Every structure is written in C-alpha cells, then in structure tokens.
Amino acid sequence: MKVSANAPCPCGRDAKLKHCCDRYHRGRPAPPRALVRARYCAFVRGNARFILDTTHPTAPHHRDDRAAWKTEVQQYCRRVRFRSLTLHDGEVDETAGTAWVSFTVEMVDEGQPVTFFERSTFLRDGVRWRYVTGDIDTQ
C-alpha cells in the first residue's frame, strides 16, 4: 500500500509517517517498541526489505533464499489488510541484549477478520535490535 510521507503513520501514533516509522525504514536503529511499530508499518506498506532486514538470522522465519523470502512477504502483505496495532508491555535487558514486547494486531486476511496477540522476542545485533520470534494467540 502506498502511504504518503505526510499521511498519519499506519502504526497508530499521532505523527506523520515521515516523523515516525519511516525514519526507521530509512535506516535509523529502532529500540524494540519502536521496532514493533516500524515492522507493523512495513507490513502495511508492503516494505518486505525492512521486514527481512530486521529479522534476526536465528529466527525461524529467516530464509537463506532472500529473493524467495521477499516474495513470500510481499504476497502476504498484498493478501492482508492491516487495521490496527496496540502495544501493551515490554521489557529490555540492555546488558543481555534481549527484549520482548507484547501487542495486539487487528487485520483482515482473505476477507476474514483476524485479531491476534503476540509476545515478540528481540535480540540486539550490534547496535540494531532484530525480531527473533513471537508467541501468538489468535482470538
């Protein structure tokens, strides 16, 4: 989905896209809570490159065949209509380089409304946090 840089950010914050998640999409390192928002926004916008780049190499979703993985993510983004993101809680352990964030997403997948709660785990890879995995509970 094409979203103007001056439009409200799809992540739900009261900010323009260019002052919110787009700065992370352009390369600024994101702390875990901001990374959840930026990844959600990337799914909304179909920005598969950002999803791939912010997934840790040890993640179960990581693929060595980057082209095939990118195609899978793009197909998913075209199929799903994301409606909202709500962040709940989270915790960062800077010393260990680990974090988790919990959130709820509302979306429509192939015409069916879907709501899921996820508790995502992140690892710091140098100065960047990357998504590792999420425990998902669909409602």
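Above this note sits the structure.
None of the values given here were measured: they were computed from a predicted structure.

J.: Whenever I open this one, the nonpolar core confuses me. Can you help?
T.: What tends to happen in soluble globular proteins is that the nonpolar side chains get buried as a cluster. Residues Cys21, Val73, Phe82, Val105 and Phe122 are the most contacted members of the largest nonpolar core, which totals 37 residues. Going through the elements one at a time, α2 (32–45), α3 (48–53), α4 (66–79), β1 (80–93), β2 (98–109), β3 (112–125) and β4 (128–138) are the ones with two or more residues in this core. Tallying contributions element by element places α2 first for this core, with nine residues. If near-sequence neighbours (up to four positions away) are discounted, Phe82 is found in contact with Tyr40, Phe43, Val44, Tyr76, Val105, Glu106 and Met107.

J.: I tried to follow the sheet that holds β2 on my own but got confused; where do I start?
T.: With antiparallel pairing, the four strands of this open sheet are ordered in space as β1-β2-β3-β4. Two strands in the sheet have a free side with no partner beyond their single neighbour: β1 and β4. Between one strand axis and the next, the sheet turns through 25 degrees on average, direction left out of account. Packed on one face of the sheet, α2 meets β1, β2, β3 and β4 and runs near 165 degrees to β1. Sheet strands touched by α4: β1 and β2. Its angle to β1, the strand with the most contacts, is close to 120 degrees.

J.: Would you mind going over the packing of aromatic side chains with me for this structure?
T.: Aromatic rings considered in pairs are described by the distance between their centres and by the relative angle of their planes. One pass over the full model with this rule turns up five aromatic pairs. When the centroid spacing of 6.1 Å and the interplanar angle of 65 degrees are considered together, the rings of Tyr76 and Phe82 count as edge-to-face. Feature note: the residues Tyr40, Phe43, Tyr76 and Phe82 constitute an aromatic cluster, connected by ring pairs. The ring of Trp100 is capped by Arg119, whose NZ or CZ atom sits 3.9 Å from the centre of that ring.

J.: What is the right way to look at α2 in this model?
T.: A turn of α-helix holds 3.6 residues, and therefore any two residues three or four places apart point the same way. Between the first and last C-alpha of α2 there are 20 Å, a value that for 14 residues agrees with the 20 Å anticipated at 1.5 Å per step. Counting buried positions along α2 gives 12 out of 14 residues, so the element sits mostly inside the fold. Among the residues of α2, those classed as buried are Pro32, Ala34, Leu35, Val36, Arg37, Ala38, Arg39, Tyr40, Cys41, Ala42, Phe43 and Val44. Phi turns positive, to about 75 degrees, at Gly46, one or two residues after α2.

Calculation notes
- Residues numbered from 1 in each chain as written.
- Predicted model: local features only at pLDDT ≥ 70, side-chain atom pairs only at ≥ 80, totals over all residues.
- Heavy atoms only, no water.
- Core = buried A, V, L, I, M, F, W, Y, C linked by side-chain atoms within 4.5 Å.
- Buried < 20%, exposed > 50% of the residue type's maximum accessible area, 1.4 Å probe, protein only.
- Helix = DSSP H or I, 4+ residues; strand = E, 2+ residues; numbered from the N terminus.
- Contact = heavy atoms within 4.5 Å.
- Pairing = 2+ DSSP bridges.
- Axes fitted to C-alpha atoms, helices over the stretch in contact; angles between N-to-C directions.
- Phe/Tyr/Trp six-rings, centres within 6.5 Å; stacked < 30°, edge-to-face > 60°.
- Lys NZ or Arg CZ within 6 Å of the ring centre and 35° of its normal.
- Expected span 1.5 Å × (residues − 1).

Geometric values such as these leave the question of function open.
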